[in-house]
Amino acid sequence: REHSITRDYEREFPGAGAPPQPGTGRAEPWGRGSIETVDLESEELESDEEWQHLIEATEPLAMQLSTPLSLLRDPAFRQRVQARLAESAQQVLEGMLEGASRLRPVLRVVGNLLATRCDSELLDHFCRELNVPLSLLCLAKQILESGSTKQQPWCIMVLTDLLMVTTVYFSRECSLEEGGQKDSLQAFRESAGCFLALLPELLAEPADSKMRLCQQSLLCFTLLCESLDATCPSVSASFFASLREEHQPLLNRLLQGSISEQPALRGSAMEARSAHDQSLRVADLFTAALAAACSIPLERNSCRKAKQQVAQEVAEKLMEGESQQLGRLLGRLEHPSCSLNVLKILYAGCHASPSLCQHLGRSQRLWASLMQLSKGKVPMAVVAQGAACEASLYLLALLTLQLQASPPRLEEVVTLAMDLITQSPVVSLVGAAAFLLTHLSQHGVALELRGEEILPVVTNVLTAPAELQLPPPMGAGLYDGIFFLLLKLLAQEDMAMEQGFAASELWSVVWHCVAAVLRVGSDRAVLEGDPPGAGHPTAEPDWNLLSPQGTLLFLSLALFAFTRESHRCLPQLTQSHGVLVVTLKRLLSPGFLACLAQTQAGEDGDPELVPAVVIQACQLLCFPFALDVDGDTLALVMEAVRDAQIPAQLLQVCSHHLPFSYTELPMSLLCHLVVSNEQVIDQMVRAAAASEHVIAFLTSALFTDSLTLTTDLLSLLTHVARACPEHLPFLQRILRGSDVADQPLTRLLGHRQHAIRAKTCNLLGNLLRHGHGFPQMLQSQPGLLESLLGCLEDREESVRKAASFAVGNAAYHESLPAGTLGRAVPGLTWLLSDAQARTRCNAALALGNLGQRSAELRDLLMESRAPHVLLEVACRDPRESVREGALVALRALSQHPGIQRVLLSLRATEKLAALASGDLQPAAGGSPRPSSARHCEKLLRLLAPLRGA
């Protein structure tokens, strides 16, 4: 892996830079190296010639791939290396030149093997067996503590060689992943700690007249920090915390080395100019090391917090006294060899210290240098120039954010940013310029955007690969500014462009780009009741490309297009594997929302962000229900949403990721989905029944302060009850209550909101349609049936209508006590004259059902004169449906002699005959004969024999 700060340094110093690496500083081998000439089984693998063959055979640029693999697998070779290291190290400590000459070749071989990175497992085993680099660092410490060895002229060269191998080890990334072996991680941690403790002595070694050891030590530290930036937090966070807490003198030394020219290097053969250049080179290495210690890593892990604290320490040191050290550092900002690293130090410091931002905001020198770097006026290699430009733009944007003020030379800054956006081919530069313009616009700067310039740029940025030098400011993403400018452009352009956006290639590019950034398809919906993410790690989105806030910007852009061009957008929701549906599925997945919530953890997080993303994603899915959409399109949308498992995900989202106050829209959407497609009910019930957390949420949601949430949930449960009796056990888990005192349905029937009372009655009516299961639960809740009967006399029409429907279904169940049901007779009889036709019909049918239960109930009906009122309704009610309901009830009641006699005494046959003759008349316009006529005739045939008798 090529490391960023090292890469920056090499760009700024083409052809010159780090001290010799393992395998350099000698003549190239005349041919491809081979270990065929080395007898590994021989007892005489001690000659210089044999080791020289090994060096040539393992040379990274000349070796065959099989060479390191065969050596690493060979126990004899490993034992020889181990023995040679031990023997030569002892001789070195005794001050023997022979030990140094024997040590250097074996270090070269070890370094070459580590540099191959051929097989991580073999290399880890090799390092553990040799205890590399810890044993090498311990040897270096012993050398520094040994008076006799330090006086040897070869001491600095041996120390440098030891650090070269250590540098190669630290630059490896194979054993630094979170899932790596614990032994490898522990070895790396111990080695890093040992090196950190040793580094001040290495940098201060007086015998290092040519600064070779100093340079190699700084390079080793730089590469170690870069490796730690990408490793697991368990290693990196503790390292940087230790650097800040226990190694303050080292931080001071790095800072002083960065801003001070090093002493002139001794040596008569060295010309003054060369000595000066070498001195600057060492200062640049100090700057690179300081930047590596405090710069913000691209990877978002807990190492960021530890490094931010290091950056805060550095910022405070820069501002000490009269901020002279800050002034010296700013003086190096336009030095081509170190400008990028200085920018990284300032950028990290401004994130960590508002005070540093205030100091920099008052520095005209800084603003001038940033403009020079942004314009590419500082001569350096092209790639380094682009990186410095990107860092300068981000620092300008960060200062604008932190100071809440526009920068000086504002017009020049805006012109520069617009020129970069429209002319630069480098994606990261365009993104940085767009981000700067975004925040200038939010400070009132007017932007004139032209579609013919911006749209091709946006397309290119979203399709071309992006390589960031720095993470964007304050947790932002590269595409955040791009989406802001696109949304602003669409809002200001003419309607012709708006109406064509949703059908354009760019619309598709936007969705595919976001899908890639969010890692669509990387996780599955968790529908088995396990907590989000439990045992199912999900790939984290690339927040450096699109931040959580940028995700909201994207959704705002999508909502804008859906609002303006819904006729073009809605058909794109009909494909379950289409990019719109799979992206919305990802946005609503438990795995993604867990990642999103993690980014907002801590005191600086925004607790509103996760709900905002969910709400906007749901708003997009609500469009088919909010517009006049043809049935075929709606059916296809429903099928796509169902196949994507979005209904089941909505339950998980509401129960795990949203406060109750934010669940109204998702639950309303789920209710619409359930009503529109019965297969959605099965999916939802399976997901909910498998999770106690979801069941608890649904039970609690019945009693929130939100009228909308409770009524939507009652509607949803009503549709579930209506769909299939197999869902009754699921419904009972929600509605049964934990004890006698906790009776959810009874509480809901007495709710102060009439809409909730009505919905609860309707739910009960649908539950009672089924012949088993629920009536027993009804009996187990004392007072529930009485509360339902009380709703027959409710002051609200909607409640009376639903209650009469529920009582009618309750009358079917033999298990419910007839005595209690009998109390409904007066109320139902009274409802036959209700203002609502549906209520009158329900009451009539309920009376018919009650009359079939028992003689006791039929006697009650006659006492309440129910047959009288039913006959009157059948003959005189203005609504056909009500007359039909009354006739159906009379037919059911007329099966019993007592009721028959009452009807005959009321001259029912004559009245019904008159009614039937009227219904037999041809209807106007040739309308079909009303169904009440058929019931009337059947009732007449039922009563006719009795009348004749």
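Predicted, not measured: the structure shown is a model, and the values here were computed from it.

Draft legend 1. Structural context of the overall build of the chain. Counting secondary structure elements, the chain contains 52 helices and zero strands. Within the chain, the proportion of its 949 residues that are buried is 57%. Working note: accessible area of the chain is about 38,300 Å², and carbon and sulfur atoms make up 51% of it.

Draft legend 2. Molecular detail of the pattern of salt bridges. Under the defined criterion, the tally for this structure stands at 23 salt bridges. Two residues, Arg244 and Glu245, come together in a salt bridge whose shortest N-O distance is 3.2 Å. Between Arg733 and Glu692 there is a salt bridge, with its nearest N and O atoms 2.7 Å apart. Of this pair, Arg733 sits in helix α38 (residues 728-735) while Glu692 sits in helix α36 (residues 692-701), and the two are 41 residues apart along the sequence. Residues joined in a network through salt bridges with shared partners are Lys375, Arg409 and Glu412.

Draft legend 3. Fine view of helix α50 (residues 897-905). Burial in α50 covers these residues: Gly898, Ile899, Gln900, Val902 and Leu903. Looking at the residues trailing α50, positive phi occurs at Arg907, about 60°.

Draft legend 4. Representation of the environment of Cys875 within the structure. Looking at the secondary structure, you find Cys875 in helix α48 (residues 866-876). Residue class for Cys875 comes out partly exposed when judged on its relative accessible area of 23%. With residues near it in sequence (within four places) discarded, Cys875 still touches Lys911, Leu912 and Leu915.

Draft legend 5. Examining the packing of aromatic side chains more closely. Within the structure shown, the criterion is met by 15 aromatic pairs. Pairwise contacts between aromatic rings join Phe483, Phe501, Trp507, Trp511, Phe554, Phe562 and Phe623 into one cluster. Above the plane of the ring of Phe703 lies Arg747, whose end atom (NZ or CZ) is 3.8 Å from the centre.

Draft legend 6. View of the packing of helix α13 (residues 248-259) against helix α16 (residues 324-331). At a minimum axis distance of 9 Å, the contact between α13 and α16 shows a crossing angle of 50°. Of the possible angle classes, the one that applies to α13 and α16 is oblique. Crossing of α13 over α16 shows left-handed handedness. Two secondary-structure elements touch here, α13 through Leu255, Gln256 and Ile259 and α16 through Gln325, Arg328 and Leu329. Of the residues belonging to the contact of α13 with α16, the class tally is three nonpolar, two polar and one charged.

Draft legend 7. Main features of the environment of Ser668. As for its placement among the helices and strands, Ser668 is situated in helix α34 (residues 664-676). For Ser668, a relative accessible area of 17% puts it in the buried group. Sequence separation between Ser668 and Leu716 is 48 residues; the distance between their C-alpha atoms is 8.8 Å.

Draft legend 8. Just the packing of α16 against helix α17 (residues 339-352), in detail. Running from N to C, α16 and α17 cross one another at 140°; their axes reach a closest spacing of 9 Å. Considering the angle they form, α16 stands oblique to α17. Where α16 abuts α17, its residues Leu326, Leu329 and Leu330 lie against Val342, Ile345 and Leu346. Broken down by class, the residue content of the contact of α16 with α17 amounts to six nonpolar, no polar and no charged.

Draft legend 9. View of unusual backbone geometry. Between Val132 and the following residue, Pro133, the backbone shows a cis peptide bond with an omega angle of 5°. Within the element layout of this structure, Pro133 appears in the loop between α6 (120-130) and α7 (134-145). Backbone geometry at Asn131 places phi at a positive 55°, although glycine is not the residue there. Within the secondary structure, Asn131 sits in the loop between α6 and α7. For Asn131, a relative accessible area of 39% corresponds to the partly exposed category. The backbone phi angle of Met211 is positive, close to 65°, even though this residue is not glycine. Considering the arrangement of structural elements, one finds Met211 in the loop between α10 (182-203) and α11 (212-229).

Draft legend 10. Representation of helix α49 (residues 880-893) within the structure. Taking 1.5 Å as the rise per residue, α49 with 14 residues should run 20 Å; its terminal C-alpha atoms sit 20 Å apart, in good agreement. Residues Val882, Arg883, Gly885, Ala886, Leu887, Ala889, Leu890, Ala892 and Leu893 constitute the buried set of α49.

Draft legend 11. Inspection of the side chain of His751 at higher detail. As for its placement among the helices and strands, His751 is situated in the loop between α39 (744-749) and α40 (754-767). Setting aside residues no more than four positions away along its own chain, His751 makes contact with Ile756 and Arg757.

Draft legend 12. Spatial organisation of the state of the cysteines. Inspection of the entire model under this criterion finds zero disulfides. Of all cysteine sulfurs, the one in Cys357 lies closest to Cys350, which takes part in no disulfide; the gap is 3.8 Å. Looking at the unpaired Cys875, the closest cysteine sulfur is the one in Cys936, lying at 7.2 Å.

Conventions used here
Residues numbered from 1 in each chain as written. Predicted model: local features only at pLDDT ≥ 70, side-chain atom pairs only at ≥ 80, totals over all residues. Heavy atoms only, no water. Helix = DSSP H or I, 4+ residues; strand = E, 2+ residues; numbered from the N terminus. Buried < 20%, exposed > 50% of the residue type's maximum accessible area, 1.4 Å probe, protein only. Areas by Shrake-Rupley, 256 points an atom, 1.4 Å probe, with all protein chains shown as cover. Salt bridge = Lys/Arg side-chain N within 4 Å of Asp/Glu carboxyl O. Contact = heavy atoms within 4.5 Å. Phe/Tyr/Trp six-rings, centres within 6.5 Å; stacked < 30°, edge-to-face > 60°. Lys NZ or Arg CZ within 6 Å of the ring centre and 35° of its normal. Axes fitted to C-alpha atoms, helices over the stretch in contact; angles between N-to-C directions. Parallel < 35°, antiparallel > 145°, perpendicular 65-115°, else oblique. Left-handed = near helix turned anticlockwise from the far one by under 90°. Nonpolar A, V, L, I, M, F, W, Y, C, P; charged D, E, K, R; others polar. Expected span 1.5 Å × (residues − 1). Disulfide = S-S within 2.5 Å.

Coordinates in, geometry out; function isn't part of it.
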